[in-house]
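As a plain string of letters, each chain reads:
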Amino acid sequence: MWNIFAIMSIAVACAAACAQEPVTVLRWDFEEIVGEQNVQALPAEWIASSKEGIAVERTEQGGRCLHVWVDAATGPGSRNIRYRLPVDKLRGQRVRVNALVRAKGVSQPPKPWNGIKCMLRIESGGEIQWPQQNLPGGDFDWRPIQFVVAVPDDCQQVDLIVGLENVTGDAWFDNIAVEVIPKKKLSSNHKEVFKGHNLPRLRGAMIGPHVTNADLLEFGNVWKANHIRWQLIWNGFPHSPADSATLDEYRQWLDGALKRLEAALPVCREAGILVTVDLHTPPGGRNEASECRIFHDREFQKAFIDIWEDIARRFADSDVVWGYDLVNEPVEGMVPDGLMNWQRLAEETARRVRAIDQKHAIIIEPAPWGSPSSIALLDPIDVPGVVYSVHMYVPHAFTHQGVYDNPVGIVYPGTIDGKWYDRNTLRKVLEPVRRFQEENGVHIYIGEFSAIRWAPADSACQYLKDCIEIFEEYGWDWAYHAFREWDGWSVEHGPDRNDRNRTATPTDRALLLRSWYAENVKPQFSDKKKD
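The rules behind each value
- Residues numbered from 1 in each chain as written.
- Predicted model: local features only at pLDDT ≥ 70, side-chain atom pairs only at ≥ 80, totals over all residues.
- Heavy atoms only, no water.
- UniProt positions renumbered as here; feature names shortened; annotations may be inferred.
- Helix = DSSP H or I, 4+ residues; strand = E, 2+ residues; numbered from the N terminus.
- Pairing = 2+ DSSP bridges.
- Axes fitted to C-alpha atoms, helices over the stretch in contact; angles between N-to-C directions.
- Expected span 1.5 Å × (residues − 1).
- Buried < 20%, exposed > 50% of the residue type's maximum accessible area, 1.4 Å probe, protein only.
- Arc of directions from axis to C-beta.
- Phe/Tyr/Trp six-rings, centres within 6.5 Å; stacked < 30°, edge-to-face > 60°.
- Lys NZ or Arg CZ within 6 Å of the ring centre and 35° of its normal.
- Contact = heavy atoms within 4.5 Å.
- Right-handed = clockwise from strand over helix to strand, strands pointing away.
- pLDDT = per-residue confidence, 0-100.
- Domains from an automatic or database assignment.
- Buried area = accessible area lost by both parts, 1.4 Å probe.
- Salt bridge = Lys/Arg side-chain N within 4 Å of Asp/Glu carboxyl O.
- Polar contact = N/O pair within 3.5 Å; in protein donor to acceptor, adjacent residues only side chain to side chain.

Draft legend 1. Expanded view of the UniProt feature "domain: Glycoside hydrolase family" (unreviewed entry) in the protein chain. The UniProt record annotates "domain: Glycoside hydrolase family" (unreviewed entry) at residues 198-481. Here residues 198-481 is 37% helix and 17% strand, with 24 Å between the C-alpha atoms at its ends.

Here's what the structure looks like:
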């Protein structure tokens, strides 16, 4: 492990290299219109879905904008214009889409992704992605929208789509821009990969808030796990009482949760387990769209930083704590002016934590949802001792079958959502993580992965086996989701979803995990307890 104190003393001038400016691929304000104001006067690159309900109009300020409407008398409908973007400039790049949007009388979208559309259609490898910024119905004046997406290396086609979908009402669009955002690099001073431990591997599981001391001792001493991810979770995910609680109420809950963690650390020491402190429920909770409210409220953003400073002070001297997972599966939404997005908030929080605690790993998941593809949207944080984490549930239709009314009976390996999935496919899913690791010289931690226990036949075990073998090949630490939490993810329960009892004999999934845990090296704690 490198000397973190030495790295912290490096001059700020020697930190990350200056970022390059974004490269504009498309910028359109609808001013370059010749002749009539209808859509037929647009350049040929813009293709309209209809001759009705689409026009270029004068704004109150004298400029021009695009107007798309669907009359209420005709019922919900879809109208849009489409622009074919130069795919050669976008492959393997991070792409940002900006626009101004105004709405009047737009009906409530039947699904969150319906309604007002400013969206990309990305076709690659036989799959189609539809990234966008979801927008509400109703009335609102001109407001900016923005979203960022990672375009795959094998992309064949990218279209920009602007309009309305499955709603009625009027929407106006202006100042549309598509930009390529250059990737940042860590400074050359971060030469050694920081893991935050000196073990060959951390192999363990996430644990639920009701785990007992006996459970922890069994997991460490009998199962031979050397790691747990401890959820600071307030009665549910993604939604919780924090969604509507005051900060005082949140602080009261968090203080109780931290005291329980403190009381469990001596037990973890006895079990030979290193602990990740996972802030599963951030201050403010989430809104109806599951976006973290720390990205929409200055008070919650300040509280978030303050809370992590408090946690760092609390555990700075603990040799049982491995690291701090700043937010579980962050989701930003549209961040208002004057507030920090996740990139900035993560970096600021990491700096504050590192000023207090120079030892423990600071774990950062990408937005949105900590997914493998999302890590391409994250720049490496130029703070010593950062570890990067993703969660692996791809393909979601398989891992979450029977959860939230998802269909069941989906087999792995097999064709899932029209695409063949096997170990090679999973390796491709995880390729953005592997690339991030290699390009930035950082350590990777899989904070969650799982497959529902009632997946057909041995599908769940085969999926877990393929995932773990890829993690091991790449040298990643990992935590299974979850040990003695909800029985749907339990490897101690059989494939009958109606049987809520643990099996008398170990399942194939339990035997798989325990075979890997048996390979663990246990941490060597100091004689002096620091918990």
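There's plenty left to go through after this.
Draft legend 2. The sheet that holds strand E12 (residues 203-207), seen in detail. Spatially, the eight strands close up into a barrel ordered E12-E13-E14-E15-E16-E17-E20-E21, and their pairing is parallel. In this sheet, neighbouring strand axes are inclined to one another by 25° on average, regardless of whether the strands run parallel or antiparallel. One ladder, built from five bridges, connects strand E13 (residues 227-231) with strand E14 (residues 274-278); its direction is parallel. Bridging across to E14, histidine 227 finds its partner in leucine 274.

Draft legend 3. Quick look at helix H5 (residues 342-356). Helix length check: H5 (15 residues) gives 21 Å between terminal C-alpha atoms against 21 Å at 1.5 Å per residue, within 8%. Residues of H5 that are buried include every one of Trp342, Gln343, Leu345, Ala346, Thr349, Ala350, Val353 and Arg354, and no others. Along the axis of H5, the buried residues cluster in a sector spanning 165°; they form a single face.

Draft legend 4. Seen up close, the packing of aromatic side chains. Scanning all chains against the criterion turns up 28 aromatic pairs. Judged by centre distance (5.3 Å) and plane angle (5°), the ring pair of tryptophan 234 and tryptophan 253 falls under stacked. With tryptophan 234 in the loop between E13 and helix H3 (247-271) and tryptophan 253 in helix H3, this residue pair connects regions lying 19 residues apart in the sequence. For the pair tryptophan 234 and tryptophan 253, one class covers both residues: buried. Put simply, the rings of Phe219, Trp223, Phe449, Phe471, Tyr474, Trp476, Trp478, Tyr480, Phe483 and Tyr517 pair up and form one aromatic cluster. Of note, arginine 497 hangs over the ring of tryptophan 454, and the distance from its end group to the ring centre comes to 4.3 Å. When the ring centre of tryptophan 223 is taken as origin, the NZ or CZ atom of arginine 514, which lies over that ring, is 4.9 Å away.

Draft legend 5. Quick look at the environment of lysine 359. The topology assignment puts lysine 359 in the loop between H5 and strand E16 (361-364). The exposure class assigned to lysine 359 is partly exposed, which follows from its relative accessible area of 36%. A C-alpha to C-alpha distance of 21 Å links lysine 359 and glycine 475, two positions 116 residues apart in sequence. The contacts of lysine 359, once residues within four sequence positions are left out, are Phe194, Ala316, Asp317, Ser318, Asp319 and Arg354.

Draft legend 6. Spatial organisation of the environment of valine 403. Tracing the backbone through its elements, the reader meets valine 403 in the loop between helix H6 (396-399) and strand E18 (414-416). Leaving out residues up to four positions away in the same chain, valine 403 has contacts with Ile452, Trp454 and Trp486.

Draft legend 7. Spatial organisation of the pairing of E12. In terms of burial, E12 is largely enclosed, as five of its five residues are buried. With five bridges joining them, E12 and strand E21 (residues 477-483) adopt parallel strand pairing. For arginine 203, the partnering residue across the bridge sits in E21 and is tryptophan 478. Here E12 runs beside E13; their pairing, made up of four bridges, is parallel. When the bridges of E13 are listed, glycine 204 appears paired with histidine 227. On the question of chirality, the crossover connecting E12 to the parallel E13 by way of helix H2 (residues 213-222) is right-handed.

Draft legend 8. Quick peek at the confidence of the model for the protein chain. Chain-level statistics for the protein chain give a pLDDT mean of 91 and a share of 92% at 70 or above. Contacts for the low-pLDDT stretch residues 1-19, under 50 throughout, to residues beyond four places or in other chains number 31 contacts.

Draft legend 9. Quick look at the domain arrangement of the protein chain. The assigned domain composition of the protein chain is domain 1 (23-181) and domain 2 (203-519). The gap between the C-alpha centroids of domain 1 and domain 2 is 35 Å. Summing the contributions of domain 1 and of domain 2, the shared interface buries around 860 Å²; its carbon and sulfur component is 44%. Among the residues of domain 1 in contact with domain 2, Arg94, Glu127 and Gln133 are the three that bury the most area, contributing 48% of the side total. Our count for the contact surface shared by domain 1 and domain 2 stands at four salt bridges. Residue aspartate 153 pairs with arginine 435 through a salt bridge whose shortest N-O separation is 2.4 Å. Taken together, the links from domain 1 to domain 2 amount to five residue pairs in polar contact (both at pLDDT 80 or more).

Draft legend 10. Inspection of the pattern of salt bridges at higher detail. The full count for this structure, using the stated rule, is 37 salt bridges. Salt-bridge contacts for glutamate 218 lead to arginine 484; the nearest nitrogen and oxygen are separated by 3.0 Å. On the criterion of sequence distance, the pair formed by glutamate 218 in helix H2 and arginine 484 in the loop between E21 and helix H10 (508-517) is long-range, its members being 266 residues apart. Its salt-bridge partner being arginine 269, residue aspartate 319 comes within 2.6 Å of it at the nearest N-O pair. You can see aspartate 319 sitting in the loop between helix H4 (298-315) and strand E15 (321-325) and its partner arginine 269 sitting in helix H3, a full 50 residues away along the chain. The buried category is assigned to aspartate 319, whose relative accessible area is 17%. Here the salt bridges share partners, and the residues they tie into one network are Arg229, Asp278, Asp325, Glu365 and Glu448.

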